[in-house]
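Examining the three-dimensional arrangement
As a plain string of letters, each chain reads:
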Amino acid sequence: MGMTITEKILAKHAGRQKLEAGELINAKVDMVLGNDVTAPLAIQEFERIGVKTVFDPAKIALVPDHFTPNKDIQSAEQAKIMREFARRHDIVHYFEVGRMGIEHCLLPELGIVLPGHVVIGADSHTCTYGALGAFATGVGSTDMAAAMATGEAWFRVPETILFVYRGELKPWVSGKDLILYTIGLIGVDGARYMSMEFTGEAIEGLSQDARFTMANMAIEAGAKNGIFIPDAVTENYVRQRAKGNYEFYVSDPDAHYKKVIEIDVSGIEPQVAFPHLPENARGIGDVGEVAVDQVVIGSCTNGRIEDLEIAASILQGKTVAANVRLIVIPGTQAIYLEALNQGLIEIFINAGAAVSTPTCGPCLGGHMGILAKGERAVATTNRNFVGRMGHPESEVYLSGPAVAAASAVTGYITSPQDVVKEGA
Amino acid sequence: MNVFQGKTWVFGDDIDTDAIIPARYLTTQDPKILAAHCMEDAEPDFPKKVQPGDIIVGGKNFGCGSSREHAPIAISGAGVSLVIAESFARIFFRNAINIGLPIVECPQAVSGCENGHTLQVDLAAGVVKNLTLNESYEAVAFPDFMQEIIQAGGLIGFVKRQTGGEK
């Protein structure tokens, strides 16, 4: 019997010819990631292990992105712990404010996570890198500490659900809509402990940015990883950026899948996930009238250049509704600069939006756009749990950048089609 | 030490890590500070009323969401002896084992359990007893490898042995 792409990558890193779902293995990791929330705890645990040095200072990435630029004294102290550790151990991939980005936008952009890699990160959205055909998964701080010492991590080889997307996408439908629709279909624990492999003709036509968005939210279905078979789109993305060797793996035709789920995309509308779970996805036509106080466009899910281009195409020549605060957060400094050069930032500011330096900020209720009691936001972020963006009685509706931008213009959750029509 | 007994706090399905410890408190690692806000958005009285040894009972997918290890640390810091659920989200499961917070998957024990019941859990035997209902259930066993981590007092103790670091 053949192997899936996930099984092949794990086998290679465990020094094995063959392995099967369910086996417990120890695998070498190509990159270990932490941020200003998770790394300080990992550093504390690392010190307890009693080793003098990290396994490889070039295979650890430390990104201060959650509460940065630091929002208060406590978060500044946390960032300082990470900064000093990075200096002490000569960590190559430490990124200071002004040169950083949201970790899951930044690492692929810099070509330091690559196809065929095994990546663990003390951040649940580490699964984003599966979009490049890597095995990438989120872990906790103690796992990160152990991997910084040994360069290895233990895994239970996951079973895989194969998702096959067929048909042609409707206008304004992209990666975010496909993944919200998929989570709506299988639920927030529909892929618990498993791998989600995304394939099919509709996927082949997706941009690299849209693929990042889909892989990013595999965790929202409980998955261990989300993964795409690398192709010409992947090659085109990594060729100019790769800082090391990479390898394309493909699933064998006779690989074993726990389940195969076929999805006809031609009927899928832009999606909105209602509070308080990402599985509460509905087509835009079934949303009804939902007024919003704030719109957030950004995050590790949708803070890439294509997302900003989509938002700007809707906001061009329009203004944000009087009762709405629109916050746009480019994912990295490079994305910010690209958006500036393309004139997108000017479009946002002319529309009445606040544009921020890269940060996770409001996505996790950290800073830069916290909701008051009873307030409602539509956000291109990844979670709409109770209290996620602020007060426990606030609400978050998840969508892609097109619906978010359209909603900022009208003040209630709106189909992009309606706004573009009005303006035409 | 492998037998735990305590009163239950029952929560529903899909209890996420933002409910266990909201991100606004993630600027510290201190278990006491984290414990003071544990579960407060789901059950505001929990941090004030939880007693040492109490047991949290969750539905399916307990601990879904972020990778924050602050979640099991907050629970353990609040004095909770053990979490029992129908199923756990994978990162929470891993984190709990890594920091030495006992967790048990036992769907039968969860259904029918109400707030304030007394549970007795024998981890080694894999048996959960609801003393209030006078019922006994079999828990899902841990693989040997995870039992080794638990015996080493968590992942750091386990890695210390591997790397030959000091005990």
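Residues numbered from 1 in each chain as written. Chains lettered and ligands numbered in written order. Predicted model: local features only at pLDDT ≥ 70, side-chain atom pairs only at ≥ 80, totals over all residues. Heavy atoms only, no water.

1. A closer look at the packing of aromatic side chains
What counts, and what does not: Here the aromatic set is Phe, Tyr and Trp, taking the six-membered ring for Trp, and pairing holds for ring centres within 6.5 Å; pairs whose planes are under 30 degrees apart are stacked, those over 60 apart are edge-to-face, and all others are tilted. Note on exposure labels: buried denotes an accessible area under 20% of the residue type's maximum, exposed denotes more than 50%, and partly exposed covers the range between, all computed with a 1.4 Å probe on protein chains only. We count a charge as sitting over a ring when the NZ of a lysine or the CZ of an arginine lies within 6 Å of the ring centre and within 35 degrees of the ring normal.
Considering all chains together, one arrives at 17 aromatic pairs over all chains under this definition. Taking the centre distance of 6.1 Å and the plane angle of 5 degrees together, the rings of Phe88 of chain B and Phe92 of chain B count as stacked. Under the relative-accessibility criterion, Phe92 of chain B is labelled buried at 3%. Each member of the aromatic cluster is reached from another via a ring pair, and the members are Tyr193 of chain A together with Phe62, Phe88, Phe92 and Phe93 of chain B. One residue, Arg241 of chain A, lies across the ring of Tyr237 of chain A, its end atom 3.9 Å from the ring centre. Across the ring face of Phe274 of chain A, the terminal group of Arg282 of chain A is positioned such that the distance to the ring centre comes to 3.7 Å.

2. A word on the domain arrangement of chain A
Residues and elements named next belong to chain A. Worth spelling out the cut-off: Residue ranges assigned to the domains are those given by an automatic or database domain assignment. For any pair of parts, buried area is found by adding up, for both, the accessible area (1.4 Å probe) each one loses once the two are put together. Take a side-chain nitrogen of Lys or Arg and a carboxyl oxygen of Asp or Glu: if they are within 4 Å of each other, that pair is a salt bridge. Between N or O atoms, a polar contact is any pair within 3.5 Å; within protein, one atom must be a potential hydrogen donor and the other a potential acceptor, and residues adjacent in sequence are included only when both atoms are from side chains. Helix and strand assignments come from DSSP, with helices taken as H or I runs of at least 4 residues and strands as E runs of at least 2, each series counted from the N terminus.
The assigned domain composition of chain A is domain 1 (5-263) and domain 2 (271-423). In total, domain 1 and domain 2 occlude about 3100 Å² of area from one another, counting both sides; carbon and sulfur atoms represent 62% of this. Per-residue buried area on domain 1 facing domain 2 is highest for Ile102, Trp172 and Lys176; these three make up 22% of the total on that side. The closest approach of N and O atoms between Arg383 and Glu220, which form a salt bridge, is 2.8 Å. In this structure, the connection of domain 1 to domain 2 is made through 23 residue pairs in polar contact (both at pLDDT 80 or more). Contributing elements (two or more residues each) for the side of domain 1 that touches domain 2: α4 (103-109), α6 (175-186) and α8 (208-216).

3. Examining the environment of Val320 of chain A
Operational definition: Residue contacts are counted whenever heavy atoms from the two residues lie within 4.5 Å of one another.
With respect to the helices and strands, the residue Val320 of chain A is situated in the loop between α11 (305-315) and β15 (325-328). Those residues in contact with Val320 of chain A that sit more than four places away from it in its chain are Leu326, Ala351, Gly352, Ala353, Ala408 and Val409 of chain A.

4. A word on the confidence of the model for chain B
Residue and element names in this part refer to chain B. The cut-off we apply is this: The score called pLDDT rates the predictor's confidence residue by residue, from a low of 0 to a high of 100.
Per-residue pLDDT for chain B has a mean of 93; in total, 97% of the residues score no lower than 70. Here helix α7 (residues 144-151) stands out as the least confident element of chain B, with mean pLDDT 81; strand β2 (residues 55-58) is the most confident, with 98. Among the prediction metrics, the complex's ipTM stands at 0.95, with pTM recorded as 0.97.

5. Describing the interface of chain B and chain A
Convention followed: Three categories are distinguished: nonpolar for Ala, Val, Leu, Ile, Met, Phe, Trp, Tyr, Cys and Pro, charged for Asp, Glu, Lys and Arg, and polar for the others, with Gly belonging to the last.
Taken together, the contact pairs 42 residues of chain B with 50 residues of chain A. Around 3900 Å² of area is buried between chain B and chain A when both sides are counted, 58% of it from carbon and sulfur atoms. Run the count over chain B and chain A and you get 3 salt bridges. Note that Asp189 of chain A is salt-bridged to Lys60 of chain B, the shortest N-O span being 3.6 Å. Taken together, the links from chain B to chain A amount to 19 residue pairs in polar contact (both at pLDDT 80 or more). Of all the elements in the fold, those that place two or more residues in the side of chain B that touches chain A are α4 (70-77), α5 (90-99), α7 and α8 (155-163) of chain B. The biggest single contributor to the side of chain B that touches chain A is α5 of chain B, with 7 residues. Per-class residue counts for the side of chain B that touches chain A are 16 nonpolar, 14 polar and 12 charged.

6. Thoughts on the pairing of strand β2 (residues 31-35) of chain A
Residues and elements named next belong to chain A. Here is the rule: Only strands that DSSP links by at least two bridges are regarded as paired with each other. Here is how to tell: hold the view so the strands point away, follow the path from the first strand over the helix to the second, and if it runs clockwise the crossover is right-handed.
Within β2, 5 of the 5 residues are buried, which leaves it mostly tucked inside the rest of the structure. Taking every second residue as pointing to the same face, both faces of β2 are buried, with Met31, Leu33 and Asn35 on one and Val32 and Gly34 on the other. As paired strands, β2 and strand β5 (residues 118-121) are joined by 3 bridges and run parallel to one another. In the strand pairing of β5, Met31 is matched with Val119. With 4 bridges connecting them, β2 and strand β3 (residues 60-63) associate as parallel partners. Of the residues in β3, the one forming a bridge with Val32 is Ile60. Handedness of the β-α-β unit built from β2, helix α2 (residues 39-49) and β3 comes out right-handed.

7. Description of α8 of chain B
Helical periodicity: at 3.6 residues per turn, an α-helix aligns residues three or four positions apart in one direction. Those residues of α8 of chain B not exposed but buried are Leu155, Ile156, Gly157, Phe158, Val159 and Lys160 of chain B. Contact partners of the buried residues in α8 of chain B: α2, α5 (141-150) and β7 (152-156) of chain A together with α5 and α7 of chain B.

8. Re unusual backbone geometry
Trans peptide bonds make up most of the peptide bonds, and negative phi angles are found at most residues other than glycine. Residue and element names in this part refer to chain A. Backbone torsion omega between Thr68 and Pro69 reads -15 degrees, so that peptide bond is classified as cis. Looking at the element boundaries, Pro69 is found in the loop between β3 and α3 (73-88). With an omega dihedral of 0 degrees, the bond running from Pro275 to His276 counts as a cis peptide bond. Summarising the element assignment, His276 is placed in the loop between β12 (271-273) and β13 (281-283). Residue Trp172 is not a glycine yet carries a positive backbone phi of 70 degrees. For Trp172, the location among the structural elements is in the loop between β8 (160-166) and α6. Given a relative accessible area of 28%, Trp172 falls into the partly exposed group.

9. A few points about the nonpolar core
The line we're drawing: Side-chain atoms within 4.5 Å link the members of a nonpolar core, which is a set of buried Ala, Val, Leu, Ile, Met, Phe, Trp, Tyr and Cys residues.
Membership of the largest hydrophobic core comes to 126 residues, with the highest contact counts inside it found for Leu62 and Phe348 of chain A together with Phe62, Ile75 and Phe92 of chain B. In this structure, this core is formed jointly by two domains, domain 1 (5-263) and domain 2 (271-423) of chain A, each of which donates at least three residues. Ignoring sequence-local partners within four residues, the contact set of Leu62 of chain A consists of Gly34, Ala39, Met82, Phe85, Ala86, Ile91, His93, Tyr94, Phe95 and Met144 of chain A. Listed in part, the 62 residues of the second largest apolar core include Met31, Val113, Phe212 and Ile268 of chain A.

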